[in-house]
Structure formats: C-alpha cells, structure tokens
Amino acid sequence: MFNNTLNKNLGPTRKFRPESYKANDQKAKDIIIPYLESNGHTIIDSKEDFGVDIKSEKGGNLYYTEVEMKNQWYAGSNFNNEANWNPRWTDLRIPYRKDKLLQVEREKNSFLNFYVINREGTMAWRVKDSALKDADVKEPNNKSRFSGIREGELFFHIPWQEAELVLFSKDI
C-alpha cells in the first residue's frame, strides 16, 4: 500500500512556462539518454506526449524515466559535500501531479525513475518509484512569490539521502 494516498484533487499546480520547458526539457533528455544507453538500456521512445519523458527497455523490463533540471543546483554554489548540495535542502521535491506516472508504472508492471539534474548536467539525483510510493505528500514550507509554487500545490518530499547520486562521465 502507498503512504501517500490523498484525495486525487491535486489542487493548484505551477503555471506551465513554455520558455522554461523549451530551455530544459530536451537538455535533460540529452543528458539522461546517453547515460541510460551506457547502462544497457534500449531507448524505445522519447518524443513529447506529455506523459513520461523517456521509455526504455533493459533485460526484458520496461523503464519509464522522468527528467527535470534543477538550475538552482550548480557547481559554483560551493557547499562542502560530494554533490555540492545545499544542506538546507533536506529533501527532493517532485510535483505531486507526477503521481499519474506512478499509475502508469503500477498498471504496466514496470519501473519508474526520476532524475533531478544539476544546472551543468554533471550529476543527478535518481529517485526510484519505491521512494515516491513511501514519500510524504505535502505543501513545501518555503513558498515565496519568486518560487512559482502556488498556495496549496502538493509535492512528494523525498529525503535526498534516499536518492542515488549519479555522476556523469565526460565520455557520455
């Protein structure tokens, strides 16, 4: 059973920003697709259909991959840890509206992974579907008028320690 069962009324969500989408969607796919291929995945589909970003197959299993750029996470931020991760960021937040992708994963008996990628594309946090299933779902406590987060918007909150840090090779 899932710990994050809520009323499926998602409430308000971030307004779609075409300029942000255009700047980040293909960039994120261009980072993750070679990584997946170098790890034995065969890419089935990465065309935009407003569903999952990348569909792949590995070892007879179907994988769904969702990719997001986190441009606030960058090399010049100088935090003293391997990931250069801001210690005030206690968790990774994935919009609860992405729950629809968990529904697909459950129906297709497949795997779903989210990759939260830093600005330079040199590393990412990989969040497995199992972490989402167990995550708290709530509003963030640091909303501001600058964040684009709307009052009442819900997010999966995954402690970053429950994600896997992936470092990308310069060869990919």
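Predicted model, so just to flag it, every value in this text is computed and none were measured. (Residues numbered from 1 in each chain as written. Predicted model: local features only at pLDDT ≥ 70, side-chain atom pairs only at ≥ 80, totals over all residues. Heavy atoms only, no water.)

S.K.: Please clarify how the pairing of strand E8 (residues 155-159) should be interpreted in this entry.
M.R.: The side chains of a regular strand alternate between the sheet's two faces. For E8, the buried fraction is high: four of the five residues fall into the buried class. Summarising the sheet, strand E7 (residues 136-138) and E8 pair through three bridges and their orientation is antiparallel. Of the residues in E8, the one forming a bridge with valine 137 is phenylalanine 156. (Buried < 20%, exposed > 50% of the residue type's maximum accessible area, 1.4 Å probe, protein only. Helix = DSSP H or I, 4+ residues; strand = E, 2+ residues; numbered from the N terminus. Pairing = 2+ DSSP bridges.)

S.K.: Sorry, what's going on with the layout of surface pockets here?
M.R.: Remark: the empty space left among the atoms is shown by a probe the size of a water molecule rolled over them. Space inside the second largest pocket adds up to approximately 190 Å³. Together, 14 residues line the second largest pocket, and His41, Tyr63, Asn113, Tyr115 and Arg126 are the ones closest to its centre. Secondary structure elements with two or more residues in the lining of the second largest pocket: helix H1 (18-38), strand E3 (61-70), strand E5 (111-118) and strand E6 (123-128). Per element, the largest residue contribution to the lining of the second largest pocket is four residues, and it comes from E5. Here the lining of the second largest pocket is composed, by residue class, of six nonpolar, four polar and four charged. (1 Å grid on protein atoms, 1.4 Å probe; cavity = no way out; pocket = protein on both sides within 12 Å on 5 of 7 lines; lining within 4 Å. Points joined across faces, edges and corners; volume = space filled by probe spheres on them. Nonpolar A, V, L, I, M, F, W, Y, C, P; charged D, E, K, R; others polar.)

S.K.: Would you take a moment to explain the environment of tyrosine 64 for this structure?
M.R.: As for its placement among the helices and strands, tyrosine 64 is situated in strand E3. Measuring from C-alpha to C-alpha, the distance between tyrosine 64 and asparagine 113 comes to 6.4 Å, with 49 residues separating the pair along the chain.

S.K.: I tried to follow the nonpolar core on my own but got confused; where do I start?
M.R.: Core analysis: the biggest nonpolar cluster contains 24 residues, and Trp125, Val127, Leu132, Phe156 and Ile158 have the highest contact counts within it. Listed by contribution, the elements that provide at least two residues to this core are strand E4 (91-95), helix H2 (99-108), E5, E6, helix H3 (129-134) and E8. In terms of nonpolar packing, the next biggest core, distinct from the first, is built from 14 residues, Ile31, Ile33, Ile54 and Ile117 among them. (Core = buried A, V, L, I, M, F, W, Y, C linked by side-chain atoms within 4.5 Å.)

S.K.: Can you help me understand the sheet that holds E4 in this one?
M.R.: Strand pairing within a sheet occurs via backbone hydrogen bonds; the two strands may be parallel or antiparallel. Read across the sheet, three strands follow the order E4-E8-E7 without closing on themselves; strand pairing throughout is antiparallel. Sheet topology places E4 and E7 at the edges, where each strand pairs with a single neighbour. Neighbour-to-neighbour, the strand axes of this sheet turn through a mean angle of 35 degrees, independent of strand direction. (Axes fitted to C-alpha atoms, helices over the stretch in contact; angles between N-to-C directions.)

S.K.: Even after reading the chapter, I still don't get the pattern of salt bridges, so can you show me in this structure?
M.R.: Should their charged atoms come close, side chains of opposite charge can pair. This model, assessed by the stated rule, comprises eight salt bridges. The shortest N-O distance in the salt bridge between aspartate 49 and lysine 55 comes to 3.5 Å. Accessibility expressed as a relative area gives 23% for lysine 55, which makes it partly exposed. The network of salt bridges with shared partners includes Asp45, Asp49 and Lys55. (Salt bridge = Lys/Arg side-chain N within 4 Å of Asp/Glu carboxyl O.)

S.K.: Quick question: what am I supposed to make of the sheet that holds strand E9 (residues 164-167) here?
M.R.: Strand order in this open sheet of six strands is E1-E2-E3-E5-E6-E9, and the pairing throughout is mixed. Taken across any chain shown, the strands that pair with only one partner, and hence form the sheet edges, are strand E1 (42-45) and E9. Averaged over neighbouring strand pairs, the angle between their axes works out to 35 degrees when direction is ignored.

S.K.: Looking at this structure, I do not really get the packing of aromatic side chains. What am I missing?
M.R.: Working definition: an aromatic ring pair is given by the centre-to-centre distance plus the angle between the planes. This model, assessed by the stated rule, comprises nine aromatic pairs. Ring geometry for tyrosine 35 and tyrosine 115: centres 6.0 Å apart, planes at 70 degrees, overall edge-to-face. Linking tyrosine 35 in helix H1 with tyrosine 115 in strand E5, this pair joins segments that are 80 residues apart in sequence. Just as tyrosine 35 is buried, tyrosine 115 falls in that class too. Ring centres of tryptophan 85 and tryptophan 89 lie 4.9 Å apart, and the angle between their planes is 70 degrees; on these two criteria the pair is classed as edge-to-face. Taking the relative accessible area as the measure of exposure, tryptophan 85 reaches 3% and is therefore buried. Aromatic rings pair up to connect Trp73, Trp85, Trp89, Trp125 and Trp160 into one cluster. Lying across the ring of tryptophan 89, lysine 70 places its NZ or CZ 4.5 Å from the centre. (Phe/Tyr/Trp six-rings, centres within 6.5 Å; stacked < 30°, edge-to-face > 60°. Lys NZ or Arg CZ within 6 Å of the ring centre and 35° of its normal.)

By themselves, these observations are geometric and do not establish any function.
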